[in-house]
Amino acid sequence: MKQNSEYFKDVNIFMSYKEHNNKENLFVDEGKSPIIKFENVYFSYPDTKLEVLKGVTFEIREANQLALVGYNGSGKSTIVKLILGLYKPDSGSVTINNIPAHLLSKDDIKNIFSVVFQDFAKYQISFENNIYLNNMDNSDKYDLNKIVDSLDLQYTLNKLPKKEKTILGKEFENGIDISLGEWQKLAFARSLASQSYVYILDEPTAALDPLAESELYEKFKMLMKNKSTLLISHRLGSTKMADTIIVLNDGKIIESGTHNELIDKNGLYCEMFEAQKKWYSKLPANDRGVEYESI
Ligand SMILES: Nc1ncnc2c1ncn2[C@@H]1O[C@H](COP(=O)(O)OP(=O)(O)OP(=O)(O)O)[C@@H](O)[C@H]1O
Ligand SMILES: [Mg+2]
């Protein structure tokens, strides 16, 4: 206990920091998804020398579906952090309806974006509260069954002893744990239930098999028709349906276009897509054998 209590010093110091909440709300809500622009963005993380983004330029227009693909460490999640205004570019600009992203207040960001990260949280609260968490005040507005149906979570819900009131996870007595793939779908459901204009999905579905992931993204696209989506995935069958696909390599955009345009180009995207094609054969998972295991 003595050893562990030492850590409370850090917690207390952290809690004593003043919250930076001095930004004005600058975003004018026009009832539609804003235009997000990257213009010649260069960026290195504070106190590091490595240039992570090297002259990145692209745009997400109103109700646009954009996919970001590229190898590990190519800078995809960094782009998300810059869009959310968590960092400021070293040069160039990241703007949302012409306002620099880092100047937007927390309320603005919360109003515009709904994000599911790679390392999303597993909240040890009830199934329904996991879905409504972002927007508790308006929870009566949503039809839980509709969200559950649209993400094929019905089977998961039916298994739970107290249905949507069941506490999830093992932290509390009577808590029931669900599989990683089910947690991931729940994170999706939470994102669906929050009223936002831009949905950012940074690879939250790695625990799903490639076919299930692409089906989930397809459904998400249909449900999000009038919203913008930024989709990040290593599985190109999932990002195929995006309006624009951007291929990032070592902090630079090396290709961009629709799926068909990029296939015709016969570059890195085409090479990656050809290599993954076998994942999307309609065979049951077991029959995909060694190839499936190699994912
Ligand atoms: N907080 C940080 N501080 C310093 N360097 C970082 C930080 N986060 C990421 N990096 C570095 O920035 C580069 C790009 O990282 P990023 O997370 O954007 O890659 P990614 O394309 O999302 O990769 P992945 O496919 O693995 O998720 C990497 O070289 C990484 O080591
Ligand atoms: Mg990432």
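Analysis parameters
- Every chain begins its residue count from 1, and numbering advances along the sequence as written.
- As a convention, the first chain written is A and the first ligand written is 1, with the rest following in written order.
- Under the rules for a predicted model, residues below a pLDDT of 70 receive no local features and side-chain atom pairs below 80 are neither given nor counted, while totals for whole chains, interfaces and linings still include all residues.
- Secondary structure counts use DSSP, requiring at least four H or I residues in a row for a helix and at least two E residues in a row for a strand, with both numbered from the N terminus.
- Within these notes, the globule rule equals 2.2 Å times the number of residues to the 0.38 power, and the radius of gyration is based on C-alpha atoms.
- With C-beta atoms placed from the backbone, a residue is labelled by how many other C-beta atoms lie within 10 Å of its own: buried for 20 or more, exposed for 12 or fewer, partly exposed between the two.
- Here, a strand pair is defined by DSSP locating no fewer than two bridges between the strands.
- This entry defines residue contacts through backbone-placed C-beta atoms, with two residues in contact when those atoms are within 7 Å.
- Axes, fitted as lines to C-alpha atoms, cover a helix only where it is in contact. Angles between the N-to-C directions of the axes lie from 0 to 180 degrees.
- A residue counts as near a molecule or strand when its C-beta atom, positioned from the backbone, falls within 6 Å of it.
- Three classes are used, and their members are as follows: Ala, Val, Leu, Ile, Met, Phe, Trp, Tyr, Cys and Pro are nonpolar, Asp, Glu, Lys and Arg are charged, and the others, Gly among them, are polar.
- Here a helix's expected span is defined as the number of its residues, less one, multiplied by 1.5 Å.
- By definition, the arc is the one covered by directions from the helix axis to the C-beta atoms.
- Confidence scores labelled pLDDT are given residue by residue by the predictor and lie between 0 and 100.
- By our criterion, buried Ala, Val, Leu, Ile, Met, Phe, Trp, Tyr and Cys residues that link up through C-beta atoms within 7 Å make up a nonpolar core.

**Some remarks on the overall build of the protein chain**
Then comes step 1: A tally of helices and strands in the protein chain yields 13 helices and ten strands.
Then comes step 2: Rg of the C-alpha trace for the protein chain: 21 Å, near the compact-globule value of 19 Å for 295 residues, within the 12% margin.
Then comes step 3: In terms of its C-alpha atoms, the protein chain occupies a principal-axis envelope of roughly 55 × 55 × 45 Å.
Then comes step 4: When each of the 295 residues of the protein chain is scored for burial, the buried share is 32%.

**Quick notes on the sheet that holds strand S1 (residues 36-43)**
Then comes step 1: As summarised here, the arrangement of the four strands in space is S2-S1-S4-S5, forming an open sheet in which the pairing is antiparallel. Both outer strands of the open sheet, strand S2 (53-60) and strand S5 (99-100), are each paired with one neighbouring strand and no more.
Then comes step 2: Strands in contact with helix H3 (residues 76-83) are S1, S2 and strand S4 (91-96); relative to S1, the strand with the most contacts, it is inclined by about 120 degrees.

**A short note on the site of ligand 1**
Then comes step 1: Close contacts around ligand 1 come from Tyr45, Thr48, Val52, Gly70, Asn72, Gly73, Ser74, Gly75, Lys76, Ser77, Thr78 and Gln118, and that covers them all.
Then comes step 2: By residue class, the composition of the shell around ligand 1 is two nonpolar, nine polar and one charged.

**Considering helix H9 (residues 210-223)**
Then comes step 1: Spanning 14 residues, H9 covers 20 Å between terminal C-alpha atoms, matching the ideal 20 Å at 1.5 Å per step.
Then comes step 2: Regarding H9, the residues found buried are Pro210, Glu213, Ser214, Leu216, Tyr217 and Phe220. In a view along the axis of H9, the buried residues occupy a sector of 160 degrees, so they form one face of it.
Then comes step 3: Buried-residue contacts for H9 involve helix H8 (180-193), strand S8 (228-232) and helix H10 (236-239).

**Let's talk about H3**
Then comes step 1: Within H3, six of the eight residues are buried, which leaves it mostly tucked inside the rest of the structure.
Then comes step 2: Looking only at H3, the buried set comprises Lys76, Thr78, Ile79, Val80, Leu82 and Ile83.

**Some points on the confidence of the model for the protein chain**
Then comes step 1: Summarising the model, the protein chain shows a mean pLDDT of 87, and 92% of its residues fall at 70 or more.
Then comes step 2: Here helix H13 (residues 289-293) stands out as the element of the protein chain with the lowest mean pLDDT, 35, in contrast to S1, whose mean of 98 is the highest.
Then comes step 3: Ignoring residues within four places in sequence, the model shows residues 285-295, a span with pLDDT below 50, making seven contacts including any to other chains.

**A word on the sheet that holds S8**
Then comes step 1: With respect to topology, six strands assemble into an open sheet ordered S6-S7-S8-S3-S9-S10, the strand pairing being mixed. The strands lining the two open edges of the sheet, one partner per strand, are strand S6 (113-116) and strand S10 (252-257). Here the strands of the sheet are splayed against their neighbours by 15 degrees on average, with no regard to which way each runs.
Then comes step 2: One ladder, built from four bridges, connects strand S3 (residues 65-69) with S8; its direction is parallel. Bridge pairing links Leu66 to Leu230 in S8.
Then comes step 3: Along the sheet, H3 makes contact with S3, strand S7 (198-202), S8 and strand S9 (244-249), crossing S7 at roughly 150 degrees.

**Some points on the nonpolar core**
Then comes step 1: If you look at the biggest cluster of nonpolar residues, it comprises 59 residues, and the most contacted ones within it are Leu68 and Ile245.
Then comes step 2: The element best represented in this core is H8, accounting for seven residues.

**Some words on the pairing of S3**
Then comes step 1: Where burial is concerned, most of S3 is hidden: five out of the five residues are buried.
Then comes step 2: Of the two faces of S3, the one holding Gln65, Ala67 and Val69 and the one holding Leu66 and Leu68 are both buried throughout.
Then comes step 3: Summarising the sheet, S3 and S9 pair through four bridges and their orientation is parallel. Pairing of Val69 across the sheet is with Val247, part of S9.

**Looking at the pairing of S9**
Then comes step 1: In this structure, S9 lies alongside S10, joined through five bridges in antiparallel fashion. Across the sheet, residue Ile245 finds its bridge partner in S10, namely Gly257.
Then comes step 2: Count of turn residues in the S9/S10 antiparallel hairpin: two residues, of which Asp250 carries a positive phi of about 50 degrees.

**With respect to the environment of His234**
Then comes step 1: Structurally, the position occupied by His234 is in the loop between S8 and H10.
Then comes step 2: Given 18 C-beta atoms within 10 Å, His234 falls into the partly exposed group.

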